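# Reading the structure
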Amino acid sequence: MTITDGPVLTMPGAPVAFHVMAKPTGAICNLDCEYCFFLSKEMLYPGSRFRMAAELQETYIRQLMAAHARAPEVTVAWQGGEPTMMGLDFFRRSVELEREHARPGQRVLNTIQTNGTLLDDEWGAFLAENGFLVGISIDGPRELHDTYRVDKGGKPTFDRVIRGLDVLKRHGVDWNVLTTIHAANGEHGRAVYTFLRDELGATFIQFIPIVERATEQTLPIAEAGWGGPGRPLYIQDGNLVTHRSVGPGQYGRFMIDVFEEWVRRDIGTVYVQMFDTALASFHGEPGGMCVHAETCGQQVALEHTGDLYSCDHYVEPGYLLGNIGERPLLELIVLPQQHEFGQAKRDTLTRYCLDCEVRFACNGGCPKDRFAATPDGEPGLHYLCPSYKDFFGHVTEPMRAMSGLLRAGRPPADLMASYASADARRGRNDPCPCASGRKWKRCHGAAPQAS
Ligand code: SF4
Ligand code: SF4
């Protein structure tokens, strides 16, 4: 039951703000990245044109603005598939609709996640003019990027992505990088990070681990990639992973490798989402990454048909909340099933997690990847637990130090001076503090290698 007639302004239990990832082309993409199991979601809508209709676009923007009536800012987030395949006119219309339906004083932030390959100067001018924040997917230097990020013909995409990024830079568009961590780049944390920082000039970086689940039945097919005909629909099932997936301990090693570079040179100038989230937790505040939040359920996914799902990672029949053409967005968000979905993240933690000393920062990770067993055999542990334990353990001291600086009214960047003086006392042949087992002079004590 809504409190107001007409547009839904608020409902009992409704959040002030929530996040919707809208997929105007569904799972359709012009590339065929081998690890992208989202490509298989095409099978949910057989016969569809995979284009969000103009009428639905208006319904969506109107409902989103109304549902955020109490929030000072609303984010309109487009992703895919590849959202730029909708063409510029779709986004021009979207901005018009936002202007039409925004409440007085309500700020609107547009974001778009793209592989960058279709961007040209017309796009650049539009994105800049309308203040879009653009996330661009790059997996590191050419060789590492091209291992899995290929087009429909299996051709590398690196040059096309860099051309797209150049468009953004030329037009002064606000951009950040999303880099996935997988078997190919998993042992190259520092090299990937310094490439993004030094070669691309990235100052906002999101790292996302690739974990492709499979069962004994689906594994042989999944190994070939998710985009081809006859592939199974990816659902969160099975306790096997493909060969492209990052190893259970590899993601942690990657992040520590990056951290040891970042903590010496880049605190305060380069934003790495995982480090920021960890610092927030150590400082007693909520962080920005849903996977390490205590509960979830306020990040839903909207398909091109208006179907709303519990989360972008649960676009599968069992997690369909309803269709916004039939029932307003806000009514779907407050459904008991969505509440239970979000609370289950906390309520299903293993005893091993409950007793873990870094649980306050880790929170057991995203439920989608909790298919491992604890050392005493309890099912439901996160596949990346060894990585999480390693990473949060490794950063405990510096995170506490940065939190202490914040409490003292000083910038966390002051920590870099302590690292510099400790490094000055370190012998060239001493073991590197990143715990790689290599000597300092051959690890983080060496200048970053040019890619
Ligand atoms: S299910 Fe996972 S990805 Fe989705 S909101 Fe929860 S933690 Fe985040
Ligand atoms: S580090 Fe492992 S045991 Fe600790 S909370 Fe995270 S997943 Fe659970």
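Residues numbered from 1 in each chain as written. Chains lettered and ligands numbered in written order. Predicted model: local features only at pLDDT ≥ 70, side-chain atom pairs only at ≥ 80, totals over all residues.

For the rest of this paragraph, the subject is the overall build of the chain. When helices and strands are counted, the chain shows 15 helices and 14 strands. Against the 2.2 N^0.38 benchmark of 22 Å for 451 residues, the chain shows a C-alpha radius of gyration of 22 Å, consistent with a compact globule. Across its three principal directions, the C-alpha atoms of the chain cover 70 × 55 × 50 Å. Of all 451 residues assigned to the chain, the portion counted as buried reaches 44%. Intrachain contacts of the chain at a sequence separation of at least 6 include 70% that bridge at least 24 residues. (Helix = DSSP H or I, 4+ residues; strand = E, 2+ residues; numbered from the N terminus. Rg over C-alpha atoms; globule rule 2.2 N^0.38 Å. Buried ≥ 20, exposed ≤ 12 C-beta atoms within 10 Å, placed from the backbone. Contact = placed C-beta atoms within 7 Å.)

By the bridge criterion, four bridges tie strand 3 (residues 107-114) to strand 4 (residues 133-137) in an arrangement that is parallel. Bridge pairing links Thr-114 to Ile-136 in strand 4. In this view, the connection linking strand 3 to its parallel neighbour strand 4 by way of helix 3 (residues 121-129) has right-handed handedness. (Pairing = 2+ DSSP bridges. Right-handed = clockwise from strand over helix to strand, strands pointing away.)

Take the environment of Ala-22 next. Mapped onto the secondary structure, Ala-22 falls in strand 1 (residues 19-22). Taking the C-alpha atoms as reference, Ala-22 lies 22 Å from Phe-204; in sequence the two are 182 residues apart. Those residues within four positions of Ala-22 in sequence are excluded, and the remaining contacts are Tyr-60, Ala-77, Trp-78 and Leu-302.

Those residues of helix 3 not exposed but buried are Trp-123, Gly-124 and Leu-127. For helix 3, the angular spread of the buried residues around the axis is 100°, confining them to a single face. Structural note: helix 3 exposes Asp-121, Glu-122 and Glu-129 on the side pointing more than 90 degrees away from its buried face. As for helix 3, its buried residues are in contact with helix 2 (88-101), strand 4 and helix 5 (158-170). Phi turns positive one or two residues past the end of helix 3, at Gly-131, with a value near 65°. (Arc of directions from axis to C-beta.)

With that settled, consider helix 6 (residues 189-199). Counting buried positions over the eleven residues of helix 6 gives nine, a clear majority of the element. All of the buried residues along helix 6 are Gly-189, Arg-190, Ala-191, Val-192, Tyr-193, Thr-194, Phe-195, Leu-196 and Arg-197. Buried positions along helix 6 lie against helix 4 (142-148), strand 5 (174-181), strand 6 (204-209) and helix 8 (250-265). Remark: Gly-201 follows helix 6 within two positions and exhibits a positive phi of approximately 80°.

Mapped onto the elements, Gly-380 comes out in strand 14 (residues 379-381). When the 17 C-beta atoms within 10 Å are taken as the criterion, Gly-380 is described as partly exposed. Taking the C-alpha atoms as reference points, Gly-380 and Ile-162, separated by 218 residues in sequence, lie 40 Å from one another. Residues in contact with Gly-380, not counting those within four places in the same chain, are Thr-348, Thr-350 and Arg-370.

Neighbouring ligand 2 are the residues Tyr-352, Cys-353, Cys-356, Val-358, Arg-359, Cys-362, Gly-364, Gly-365, His-382, Cys-385, Tyr-388 and Lys-389. Elements that contribute at least two residues to the shell around ligand 2 include exactly helix 12 (351-354), helix 13 (359-362) and helix 14 (385-407). At three residues, the largest contribution of residues to the shell around ligand 2 is made by helix 14. When grouped by side-chain class, the residues that make up the shell around ligand 2 number seven nonpolar, three polar and two charged. (Near = placed C-beta within 6 Å. Nonpolar A, V, L, I, M, F, W, Y, C, P; charged D, E, K, R; others polar.)

It is worth spelling out the site of ligand 1 at this point. Around ligand 1 sit Cys-290, Val-291, Cys-296, Gln-299, Cys-311, His-313, Lys-345, Cys-366, Pro-367 and Lys-368, and those are all the residues in its vicinity. Per-class residue counts for the shell around ligand 1 are six nonpolar, two polar and two charged.

Strands sit in the order 9-6-5-4-3-2-1-10-11-12 across an open sheet of ten strands; the sheet is mixed. Looking at which strands have only one partner, the edges of the open sheet turn out to be strand 9 (271-272) and strand 12 (320-323). Sheet topology note: the strand 6/strand 9 ladder contains two bridges and is parallel. By the bridge assignment, Ile-205 is partnered in strand 9 with Val-272.

At their nearest, the axes of helix 6 and helix 8 sit 7 Å apart, and the two run at 50° to each other. One finds that helix 6 runs oblique with respect to helix 8. Viewed along their axes, helix 6 and helix 8 form a crossing whose handedness is right-handed. Residue-level contacts link Gly-189, Arg-190, Tyr-193 and Thr-194 of helix 6 to Arg-253, Phe-254, Met-255, Asp-257, Val-258 and Glu-261 of helix 8. For the contact of helix 6 with helix 8, the per-class residue count stands at four nonpolar, two polar and four charged. (Axes fitted to C-alpha atoms, helices over the stretch in contact; angles between N-to-C directions. Parallel < 35°, antiparallel > 145°, perpendicular 65-115°, else oblique. Left-handed = near helix turned anticlockwise from the far one by under 90°.)

Right, let's get into the nonpolar core. The biggest cluster of nonpolar side chains holds 73 residues, and the ones touching the most others in it are Met-255, Phe-259 and Ala-278. It is helix 8 that contributes the most residues to this core, eight residues altogether. Those residues in contact with Met-255 that sit more than four places away from it in its chain are Gly-189, Phe-207, Met-274 and Phe-391. Ala-22, Val-76, Ala-301 and Tyr-309 belong to the second-largest nonpolar core, a separate cluster that totals 33 residues. (Core = buried A, V, L, I, M, F, W, Y, C linked by C-beta atoms within 7 Å.)

Here we take up unusual backbone geometry. Going from Gly-80 to Gly-81, the amide bond is cis rather than trans, its omega being 5°. Within the secondary structure, Gly-81 is located in the loop between strand 2 (73-78) and helix 2. In this structure, Phe-50 is a non-glycine residue whose phi angle is positive, near 55°. With respect to the helices, strands and loops of the structure, Phe-50 is situated in the loop between strand 1 and helix 1 (54-67). A positive phi angle, close to 70°, is found at Ala-435, a residue other than glycine. For Ala-435, the location among the structural elements is in the segment after helix 15 (415-425).

Time to look at the environment of Met-86. On the secondary structure map, Met-86 appears in the loop between strand 2 and helix 2. For Met-86, a count of 22 C-beta atoms within 10 Å corresponds to the buried category. Here the alpha-carbon distance between Met-86 and Pro-156, two residues 70 residues apart in the chain, equals 23 Å. Filtering out sequence-adjacent residues up to four positions away, Met-86 remains in contact with Pro-24, Thr-25 and Arg-51.

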